[in-house]
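One-letter residues, chain by chain:
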Amino acid sequence: MRRLKHWFRELTEMQVETVDQNFNNYLQSKTKYDIDIFKSFFHRVDKVIVKGRITSDTQFYDVNIMVDQLCQTVPVNNKKIEILNKLLIDYEQRISRKQRRQPPNSTYRKAGVFAQKHDRLYSKDILIYRERL
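Draft legend 1. Expanded view of the nonpolar core. With 21 residues, the main nonpolar core has Ile37, Phe41, Ile54, Val63, Met66, Leu84 and Leu88 as its most contacted residues. It is helix H4 (residues 57-72) that contributes the most residues to this core, 6 residues altogether.

Draft legend 2. Summary view of the side chain of Gln15. Position of Gln15 among the secondary structure elements: in helix H1 (residues 2-17). Of the residues examined, Gln15 reaches a relative accessible area of 16% and is grouped as buried. In contact with Gln15, other than residues within four places in its own chain, are Asp20, Phe23, Ile37 and Phe38.

Draft legend 3. Quick look at the pattern of salt bridges. Here the structure, examined in full by the defined rule, presents 3 salt bridges. A salt bridge links Asp62 to Arg44, with the nearest nitrogen and oxygen atoms 2.8 Å apart. Of this pair, Asp62 sits in helix H4 while Arg44 sits in helix H3 (residues 37-51), and the two are 18 residues apart along the sequence. Since its relative accessible area comes to 6%, Asp62 is described here as buried. Taking the relative accessible area as the measure of exposure, Arg44 reaches 26% and is therefore partly exposed. Asp46 is the salt-bridge partner of Lys80, the closest N and O atoms lying 3.8 Å from each other. You can see Lys80 sitting in helix H5 (residues 78-101) and its partner Asp46 sitting in helix H3, a full 34 residues away along the chain. Assessed through its relative accessible area of 23%, Lys80 is described here as partly exposed.

Thresholds applied
Residues numbered from 1 in each chain as written. Predicted model: local features only at pLDDT ≥ 70, side-chain atom pairs only at ≥ 80, totals over all residues. Heavy atoms only, no water. Core = buried A, V, L, I, M, F, W, Y, C linked by side-chain atoms within 4.5 Å. Buried < 20%, exposed > 50% of the residue type's maximum accessible area, 1.4 Å probe, protein only. Helix = DSSP H or I, 4+ residues; strand = E, 2+ residues; numbered from the N terminus. Contact = heavy atoms within 4.5 Å. Salt bridge = Lys/Arg side-chain N within 4 Å of Asp/Glu carboxyl O.

Fair warning: the whole summary comes from geometry, so function is off the table for now.
See the structure below:
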């Protein structure tokens, strides 16, 4: 069931982004089910607003799409856009702070002359620090 939901979300993702109501109508006519591909999207964004915090990249992506949609609708809902923009900025700042606290990507590797002893590899205790780009 999880795979089916994931597949359906991937299938409808582009139509939700572009607010393609025709695709929603097409699904309803072909399947004879009352499907609303936008309902879960709006529900996810509303949950983020109620929580007052974006906690994942997926939520960030959804809120960003919602802001784009709201900016294109008439009349423009400035209050909701302002709330969503604040959540987006807060999330970006938290992510950038978290990345600054982490040390740069680095690896340590042993170098030297290897000798086999008791079926194990040993080397001189030389550590070479290599910073990844």
